[in-house]
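# Notes for the structure review
If you want the building blocks of each chain, they are given just below.
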Amino acid sequence: MAARTLYEKLWSSHVVHEEADGTALIYIDRHLVHEVTSPQAFEGLKLAGRKPWRVSSIVATADHNTPTDHWERGIEDPVSRQQVETLDANMREIGSLAYFPFRDARQGIVHVIGPENGATLPGMTVVCGDSHTSTHGAFACLAHGIGTSEVEHVMATQCLLQKKSKTLLVRVDGQPGRGVSAKDIVLAIIGKIGTAGGTGYAIEFGGSAIRSLSMEGRMTVCNMAIEAGARAGMIGVDQTTIDYLKGRAFSPKGELWEQAVAYWRTLKSDDDAQFDKVVELDAADIQPQVTWGTSPEMVTTVDGRVPDPATVADPVRREGMERALKYMGLAPNTLITEIAVDQVFIGSCTNSRIEDLREAAAVAKGRKKAANVKRVLVVPGSGLVKRQAEEEGLHEIFMAADFEWREPGCSMCLAMNADRLEPGERCASTSNRNFEGRQGAGGRTHLVSPAMAAAAAVMGHFTDVRQLS
Amino acid sequence: MMNPFTQLDGLVAPLDRANVDTDAIIPKQFLKSIKRSGFGPNAFDEWRYLDVGQPGQDNSQRPLNPDFVLNQPRYQGAQILLTRDNFGCGSSREHAPWALEDFGLRVLIGPSFADIFFNNSFKNGLLPIRLDAAEVDELFLQCEANEGYRLAVDLAAQTVTRPDGKVIHFEVDAFRKECLLNGWDDIGLTLRHEDKIRAFEAQRRAQHPYYFA
């Protein structure tokens, strides 16, 4: 058989039916559900008198709207509460493999709880009405975000209508320097290929620098595949993948585990597989990254400067940069390290796992929030992450530094709950999108790694974390 | 059943910026709705109004931003929007096409669209048309220079016709085209293959039982 990419293996093992123009019906193994993009799908199903096809494929949680403090008060915003209660009612009615409601010990961000419970397994197709579903590709899954009509379609048919993507290999070889994390790697990739660089492609991340990442780091990289325009990002199975999954709640056990592992080991691109496009980066060249604009591709290194639109010839790009700088309140050629921050957010499906919290805590330890920083939020990705962090004493480090230690949820990544920026406030954020208004109307977001966020919190401005440790 | 789309002769408005994300198309506070309709008054909310919008507000009382292109009198009633690269990037929220459709748009024309948004649009009777960047540039120039600028879009023929008579062909997947022309419900179509899905599922369960715990 001809050499195949991981994407081709995952695709071909899920095709149920193909139309003449290549549109295929793809079987879906895992359907992750949250409160924001599902109510209209449940309603559509009911109106049409349809039953869900296989409820044991569903893992659900409430994450986008939930508050991150004072859980004893419930959800005070009545509109948010109605959405969460609607999910409760829908899940009670149809059933699922697992539902982690608001305040459950295992509740959390949908892209954190899937993997940590072993509900995301190599070789699966994973969908969710959320663009950051690409996260699960870290486990050699074909995983992508879908719209609400597709949520309803998957519930009713266990399939998704899809056309095969082209394949893009992003190979990062070499040893990343000290202070350079998975977040810096993926921001550097987006800086290189642009936010539309992956449009129409499924991205596979490979190379020695990717292989050397933990599963947490790999999830950070795949999470932001969508910020490069690709619906799906993925990484082949190796021993790191298998070690992570062993013994998790929904991971197979005993003989089934052995059988699964034997199959999973085949889930990587063959050595001589051909990709439609290949992009290469040298990890040794990657420095800590900071975004300066309103698109994740507007990124530079911590020792860099805010770029000058006057040097750009293309008018659409130049005007985009000018608009971004105006929104961000930044002058061309400003040193990144001279930019002061008002708030810091450590959390989101990109960077809220235990390793991320450890990296932030290592910087915060023995230091204090800078006086000019109004608030530092640390929001663990799930109840399980929170518990583990507390067992390791990380919460004490954060609280001693005057950081706020919160309950799990999406929080200020998209500011659907009460955690948000005020107009004009500037934030160092470990989340994934620096769009206008993303963290609150008029808020200004700079994307960074957890260690760089902690460094900004204690210094009051962007600081090269390598100079702190 | 969704609204079918066949042809349209409509007023055109230009939105001359790249990387318009779905957070800009419909901000997060409006995603708390459990309905599919009513998002139009909040389409492009942060650009369109001078205040910060909240769900449930009477939007007719809010101060409009006179600098935002879609607020200009000449573009009122536009059904076709010219866009730049990577329109609809970011969040998968289908509230974005819901908002655009509810706002009155039926066609988007640009050099590229983000994948999830592109897909979501077809499910809601909103036709995104990809054209060469040079063609899109010309449409922007013509539209901005001529008040009342209209285009005729014919999905069956896969053409956009300019007022000067130039006919521009566009590509669209045959399957999506059929669905949109007929307003077919995807789920109904897929369930025609119910037996095939069941057979596939049974085989997968036998081969990979660990996915069916």
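Residues numbered from 1 in each chain as written. Chains lettered and ligands numbered in written order. Predicted model: local features only at pLDDT ≥ 70, side-chain atom pairs only at ≥ 80, totals over all residues. Heavy atoms only, no water.

Applied cut-off: UniProt positions are given in the numbering used here, feature names are shortened, and annotations may be inferred rather than shown by experiment.
Named according to an unreviewed UniProt entry, chain B is 3-isopropylmalate dehydratase small subunit originating from Thauera terpenica 58Eu. One UniProt comment on chain B, placed under Subunit (unreviewed entry), says "Heterodimer of LeuC and LeuD."

In the annotation of an unreviewed UniProt entry, chain A is listed under the name 3-isopropylmalate dehydratase large subunit and assigned to Thauera terpenica 58Eu. Reading the Subunit (unreviewed entry) entry of the UniProt record for chain A gives the comment "Heterodimer of LeuC and LeuD."

### Section: the domain arrangement of chain A
How big an interface is tends to be stated in terms of the accessible area lost upon association of its parts. Residues and elements named next belong to chain A. Just so we agree on the cut-off: Each domain's extent is set by a domain assignment, obtained either automatically or from a database. Here, two residues are considered to be in contact whenever any of their heavy atoms come within 4.5 Å of each other. Buried area: the accessible surface (1.4 Å probe) lost by two parts on joining, summed over both. Any carboxyl oxygen of Asp or Glu that lies within 4 Å of a side-chain nitrogen of Lys or Arg is treated as forming a salt bridge with it. Pairs of N or O atoms within 3.5 Å make up the polar contacts considered here, provided that, within protein, one atom can donate a hydrogen while the other can accept it, and that residues adjacent in sequence are counted only when both atoms are side-chain atoms. Where helices and strands are cited, they refer to DSSP runs of H or I of at least four residues and of E of at least two residues respectively, numbered from the N terminus. Side-chain classes are defined by residue name, with Ala, Val, Leu, Ile, Met, Phe, Trp, Tyr, Cys and Pro counting as nonpolar, Asp, Glu, Lys and Arg as charged, and the others, Gly among them, as polar.
Segmentation of chain A into domains returns domain 1 (6–163), domain 2 (166–237 + 269–285) and domain 3 (289–467). A straight line from the C-alpha centre of domain 1 to that of domain 3 covers 28 Å. Listed by partner, the interface residues are 24 residues for domain 1 and 22 residues for domain 3. For the pair domain 1 and domain 3, the summed buried area comes to about 1800 Å², and 59% of that belongs to carbon and sulfur atoms. At the junction of domain 1 with domain 3, the criterion picks out one salt bridge. As a salt-bridge pair, Asp69 and Arg406 come within 3.8 Å of each other at their nearest N and O atoms. At the boundary of domain 1 and domain 3, one finds eleven residue pairs in polar contact (both at pLDDT 80 or more). Where the side of domain 1 that touches domain 3 is concerned, the elements lending two or more residues are helix 3 (78–94) and helix 4 (110–116). The leading source of residues in the side of domain 1 that touches domain 3 is helix 4, at four residues. For the side of domain 1 that touches domain 3, the per-class residue count stands at seven nonpolar, 13 polar and four charged.

### A closer look at the UniProt feature "domain: Aconitase A/isopropylmalate dehydratase small subunit swivel" (unreviewed entry) in chain B
The UniProt record annotates "domain: Aconitase A/isopropylmalate dehydratase small subunit swivel" (unreviewed entry) at residues 2–133 of chain B. Helix makes up 20% of residues 2–133 of chain B and strand 14%. Its end C-alpha atoms lie 30 Å apart.

### Comments concerning the sheet that holds strand 19 (residues 444–447) of chain A
Strand pairing in a sheet relies on backbone hydrogen bonds. The paired strands run either parallel or antiparallel. Residue and element names in this part refer to chain A. Put simply, the rule reads: A strand pair is defined by DSSP finding two or more bridges across the two strands. Only the stretch in contact is used when a helix axis is fitted, and all axes are lines through C-alpha atoms; the angle between N-to-C directions ranges over 0 to 180 degrees.
Here we have five strands laid out as an open sheet, ordered 17-16-15-18-19, and parallel in their pairing. What marks the edges here is a single partner per strand, and that holds for strand 17 (404–405) and strand 19. Here helix 11 (residues 315–328) sits on the sheet in contact with strand 18 (426–429) and strand 19, set at roughly 110 degrees to strand 19. Relative to strand 15 (residues 343–346), helix 15 (residues 450–459) is tilted by about 155 degrees, and along the sheet it contacts strand 15, strand 16 (375–378) and strand 18.

### Let's talk about the packing of helix 6 (residues 182–193) of chain A against helix 8 (residues 215–223) of chain A
Any two packed helices are characterised by how steeply their axes cross, that is the angle between the axes, and by the distance between the axes. All names here are of chain A. Keep this limit in mind: Relative orientations are named as follows: roughly parallel for angles under 35 degrees, roughly antiparallel for angles over 145 degrees, roughly perpendicular for angles from 65 to 115 degrees, and oblique for any other angle. Whether a crossing is left-handed or right-handed is set by the direction in which the near helix is turned from the far one by less than a right angle, anticlockwise for left-handed and clockwise for right-handed.
Contact geometry of helix 6 with helix 8 gives a least axis separation of 8 Å together with a crossing angle of 25 degrees. The orientation of helix 6 relative to helix 8 falls into the category roughly parallel. In the packing of helix 6 onto helix 8, the handedness of the crossing is right-handed. For the pair helix 6 and helix 8, contact is made by Ala182, Lys183 and Val186 and by Gly217, Thr220 and Val221, respectively.

### Focus on the side chain of Ser269 of chain A
Residues and elements named next belong to chain A. This is how the line gets drawn: Exposure is judged per residue with a 1.4 Å probe applied to protein chains only, and the accessible area is read against the type maximum: over 50% gives exposed, under 20% gives buried, and values in between give partly exposed.
In this structure, Ser269 sits in the loop between helix 10 (254–264) and strand 12 (277–282). Accessibility expressed as a relative area gives 16% for Ser269, which makes it buried. Only 2.7 Å separates the side chain of Ser269 from the backbone nitrogen of Leu6, close enough to count as a polar contact. At 2.5 Å, the side chain of Ser269 and the side chain of Glu204 are in polar contact. Those residues in contact with Ser269 that lie beyond four places of it in its chain are Arg4, Thr5, Leu6, Glu204 and Phe275.

### As for the domain arrangement of chain B
For chain B, the assigned domains are domain 1 (7–182) and domain 2 (184–213). Centre-to-centre, using C-alpha coordinates, domain 1 of chain B lies 35 Å away from domain 2 of chain B.

### Side note on the pairing of strand 1 (residues 7–14) of chain B
For a regular strand, side-chain orientation follows a simple rule: the groups alternate between the two sheet faces. Residues and elements named next belong to chain B. In terms of residue burial, strand 1 counts as a mostly covered element, since six of its eight residues are buried. Bridge count for strand 1 against strand 5 (residues 150–154) is five bridges, and the pairing is antiparallel. Each residue of the ladder has a partner; that of Gly10, found in strand 5, is Leu151. Relative to strand 2 (residues 80–82), strand 1 is paired through three bridges, and the arrangement is parallel. Note on strand 2: the bridge partner recorded for Pro14 is Leu82.

### Here we look at unusual backbone geometry
A negative phi angle is the norm for most residues apart from glycine, just as the trans form is the norm for most peptide bonds. One non-glycine residue, Arg103 of chain A, adopts positive backbone phi at about 80 degrees. Mapped onto the elements, Arg103 of chain A comes out in the loop between strand 5 (98–100) and helix 4. Classification of Arg103 of chain A by relative accessible area gives partly exposed; the value is 44%. Phi at Gln158 of chain B takes a positive value of approximately 55 degrees, unusual for a residue other than glycine. The topology assignment puts Gln158 of chain B in the loop between strand 5 and strand 6 (159–161).

### Thoughts on helix 2 (residues 39–47) of chain A
What helix 2 of chain A keeps buried is the set Pro39, Gln40, Ala41, Phe42, Gly44 and Leu45 of chain A. Those residues of helix 2 of chain A hidden inside the fold are in contact with strand 3 (30–33), helix 3 and helix 5 (148–157) of chain A together with helix 3 (95–103) of chain B.

### Section: the nonpolar core
Stated formally: In these notes, a set of buried Ala, Val, Leu, Ile, Met, Phe, Trp, Tyr and Cys residues joined through side-chain atoms within 4.5 Å is what counts as a nonpolar core.
The biggest cluster of nonpolar side chains holds 111 residues, and the ones touching the most others in it are Phe398 and Phe403 of chain A together with Phe44, Phe87, Ile109 and Leu127 of chain B. Of the residues forming this core, the biggest block, eight residues, is contributed by helix 15 of chain A. Setting aside anything within four residues of it in sequence, one finds Ile109 of chain B in contact with Ile80, Leu81, Leu82, Thr83, Ile129, Leu131, Leu139, Leu151 and Val160 of chain B. Counting residues in each nonpolar core, the second largest holds 107 residues, with Val151, Met219, Leu281 and Ala283 of chain A among its members.

### Some thoughts on the pattern of salt bridges
All names here are of chain A. Within the structure shown, the criterion is met by 36 salt bridges over all chains. In this structure, Arg171 and Asp173 form a salt bridge, with 3.9 Å as the shortest nitrogen-oxygen distance. For Arg171, a relative accessible area of 31% puts it in the partly exposed group. Taking relative accessible area as the criterion, Asp173 reaches 34% and is therefore assigned partly exposed. Connected via shared salt-bridge partners are Asp69, Glu404, Arg406 and Asp419.

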